[in-house]
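# Per-entry structural report
As a plain string of letters, each chain reads:
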Amino acid sequence: MLSVFQLNRNIRSLRRYRQIVRVLVKYGFEHALSLMGLSRFVARGRRLFRKPEPELARLSPAERMRLALEELGPTFVKLGQILSTRPDVIPRSFVLEFARLQDQVPSFPFEDALDQIRRELGRDPEERFSFIDPEPLAAASIAQVHRARLVSGEEVVVKVRRPGVVEAVETDIDAMMGLAVLAERHLPRSDIYDPVGLVKEFARTIRREMDFAREGHTIERFAENFAGDPTLYFPTVHWECTARGLLTMEFINGIKVSDTAALERVGMDRRLIARRGADAFLKMVLTHGFFHGDPHPGNVLILPDNVICLLDYGMVGRLDTQLKGYLTDILLAIVQRDVDEVISLLLYSGEIADTLDTRALKRDLTGLIDNYYETPLQEIEVGRVLLEFLEVITTYHIKFQPDLMLLAKALVAIEGMGRELDPAFDMVEHLRPFMKQAVRDRFSPRQLIREMNSNLLSYFTLARNLPRDLKELLNRINRNKFKIDLEHRGLDRAMREFDKSVNRLSSSLIIAALIVGSSIVMQTDKGPKFLDFPVFAFMGYTIAGFIGLWWVVAIIRSGRL
């Protein structure tokens, strides 16, 4: 039996679904919606927005889509922000426009924050906090942050999840998934963009971001990775005041890294801070494979003795061993200006289609590398080069891990802060020892033995399971239960159009039969009469006229005369 909760959720999803369609129609995307089989909703939207606003008509599709996402609310703004890191699946114009999306929403009332804290802790806030500042330090679509003091006296900050945000996000995800399924079925070449996969990735990302207990564990994982390193400091998480919708951590009183005047005023060493920041980030990426995904200046504080403290761990990137090795090889090949090696690595990655024009790709990559040929290594911005490299390969529909784009943007931010602190900052110089160490680790005896053991175990498992799998296959064939499932993709729309054509042809034959039959009855002059005309002939002509008029109106409304 369908639960009341599920029924309410379905009703909310349907309402939201209609809102989304109306907004997309308002901003001029009715053609795409019609292709997806939403003509009925589009017709309703057109009645609301009969004439597009002149300002909208002058905007590009990317600008109109950005405005639509902003009007649809915080969940769709988050979606746009994530898509701005995926130039491999959306056009560059949309990537640039979505990067302008800002997560700016008004704060919610302090009373609602107290109610949320009470629900998360299962007790009154006064039992844990002696003071909570009613004015939030910051507000976003998912949460807002208040300064507070524990009953034990520690100064803390409390991150409180916005009331009702989980239900709103889940409703939006359901609506997005419905639209993604329709897009995958109906829109041409939708397999290139993988709309269903994008929505799944977004759902996984935003659900993690809404789980503040996970963020607390992330902070502790970073602290564990850098245990014993005096150059970095990580806030302490107070678990007795932390839950899925509530995060309480130590208040950090430091100087923003962007406030260079204040750093100099207290005697901080800007060059040392730049070096420490670069080394710490590269260690996150190439040693731990777990890095801070949003290291902009607002999230970096400087403490006494030039110690660096990172804030906001809601967005992190992950690189497994294979991806770290792939990244190392790519960066080495780019820095050494070896285009053939770059092409070889792309081919080895298995993400290149058989129809790819490798000559054109090699030409474009050569042009990219030639732009930096005369540039001294110390002036090369590694993050910018990696971004441009990813932009080149995306034009050939080569997909890559989303964490690589996140890494490239984080590198750009780190390099920008480094050059702001120290004009002579050289990321390549910092990168070189880490890459050499990564290469040494990959070919170390311990790593080679580990890979050999892993391969041997895989072959042993394959050999052990092969007789059983063959026996099962033969048994299925003998029992006539061997099936091959074939999926026809892209034929649904053609079949629907074919069905419409057959229905119209059948209706035309019915109309013709009615007219011919009525004409024959008219000539026989038999049966009951109305105004000296045979009733059956009159009825036949009338029915044929109604059906014909109905079809004419339907054809005119479809716009396919």
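All figures in this text were calculated on a predicted structure; none of them were measured in a lab. (Residues numbered from 1 in each chain as written. Predicted model: local features only at pLDDT ≥ 70, side-chain atom pairs only at ≥ 80, totals over all residues. Heavy atoms only, no water.)

### Notes on the confidence of the model for the protein
Looking at the protein as a whole, its pLDDT mean stands at 79, while 81% of the residues score no less than 70. Contacts from residues 1-8, a stretch scored under 50 in pLDDT, to residues over four places away or in other chains number 2 contacts. (pLDDT = per-residue confidence, 0-100. Contact = heavy atoms within 4.5 Å.)

### Structural notes on helix α5 (residues 61-72)
A rise of 1.5 Å per residue sets the reference length of α5, with its 12 residues, at 16 Å; its end C-alpha atoms lie 16 Å apart and thus fit the reference within 8%. Taken as a whole, α5 has its buried residues at Ala62, Arg64, Met65, Arg66, Ala68, Leu69 and Leu72. Looking one or two residues past α5, glycine 73 carries a phi angle of roughly 110 degrees, positive in sign. (Helix = DSSP H or I, 4+ residues; strand = E, 2+ residues; numbered from the N terminus. Expected span 1.5 Å × (residues − 1). Buried < 20%, exposed > 50% of the residue type's maximum accessible area, 1.4 Å probe, protein only.)

### Remarks on the sheet that holds strand β7 (residues 255-256)
Reading across the sheet, the 4 strands line up as β5-β10-β9-β7 and stay open at both edges, with mixed pairing between neighbours. In this open sheet, the two edge strands, each paired with only one partner strand, are β5 (232-233) and β7. Alignment of β5 against strand β10 (residues 307-310), held across 2 bridges, turns out to be parallel. Its bridge partner being in β10, tyrosine 233 is matched across the sheet by cysteine 309. Helix α13 (residues 270-288) contacts β5, β9 (300-303) and β10 of the sheet and is inclined by roughly 50 degrees relative to β10. (Pairing = 2+ DSSP bridges. Axes fitted to C-alpha atoms, helices over the stretch in contact; angles between N-to-C directions.)

### Re unusual backbone geometry
You will see that aspartate 305, though not glycine, has its phi angle at about 65 degrees, which is positive. Inspection of the secondary structure puts aspartate 305 in the loop between β9 and β10. For aspartate 305, a relative accessible area of 64% gives the class exposed. The backbone phi angle of asparagine 306 is positive, close to 60 degrees, even though this residue is not glycine. Tracing the backbone through its elements, the reader meets asparagine 306 in the loop between β9 and β10. A relative accessible area of 12% places asparagine 306 in the buried class.

### Details of helix α10 (residues 195-210)
The end-to-end C-alpha distance of α10, which contains 16 residues, comes to 22 Å, matching closely the 22 Å that a straight helix rising 1.5 Å per residue would cover. If you check which residues of α10 are buried, you get Pro195, Val196, Leu198, Val199, Glu201, Phe202, Ala203, Ile206 and Met210. Buried-residue contacts for α10 involve α6 (74-83), β4 (155-161), α9 (165-186), α11 (212-225) and α18 (402-421).

### Observations regarding the packing of aromatic side chains
In the structure shown here, the tally under the stated rule is 7 aromatic pairs. Residues phenylalanine 222 and phenylalanine 234 carry aromatic rings whose centres are separated by 6.3 Å and whose planes lie at 15 degrees to one another, so their mutual orientation is stacked. Of this pair, phenylalanine 222 sits in helix α11 while phenylalanine 234 sits in the loop between β5 and β6 (246-250), and the two are 12 residues apart along the sequence. Exposure remark for phenylalanine 222: the relative accessible area of 0% places this residue in the buried category. On the basis of relative accessibility, which here comes to 9%, the residue phenylalanine 234 falls in the buried class. Here the aromatic rings of phenylalanine 226 and phenylalanine 234 are separated by 6.0 Å at their centres, their planes lie at 35 degrees, and the arrangement is tilted. Grouping residues by exposure puts phenylalanine 226 and phenylalanine 234 together as buried. Above the plane of the ring of phenylalanine 251 lies arginine 147, whose end atom (NZ or CZ) is 3.8 Å from the centre. (Phe/Tyr/Trp six-rings, centres within 6.5 Å; stacked < 30°, edge-to-face > 60°. Lys NZ or Arg CZ within 6 Å of the ring centre and 35° of its normal.)

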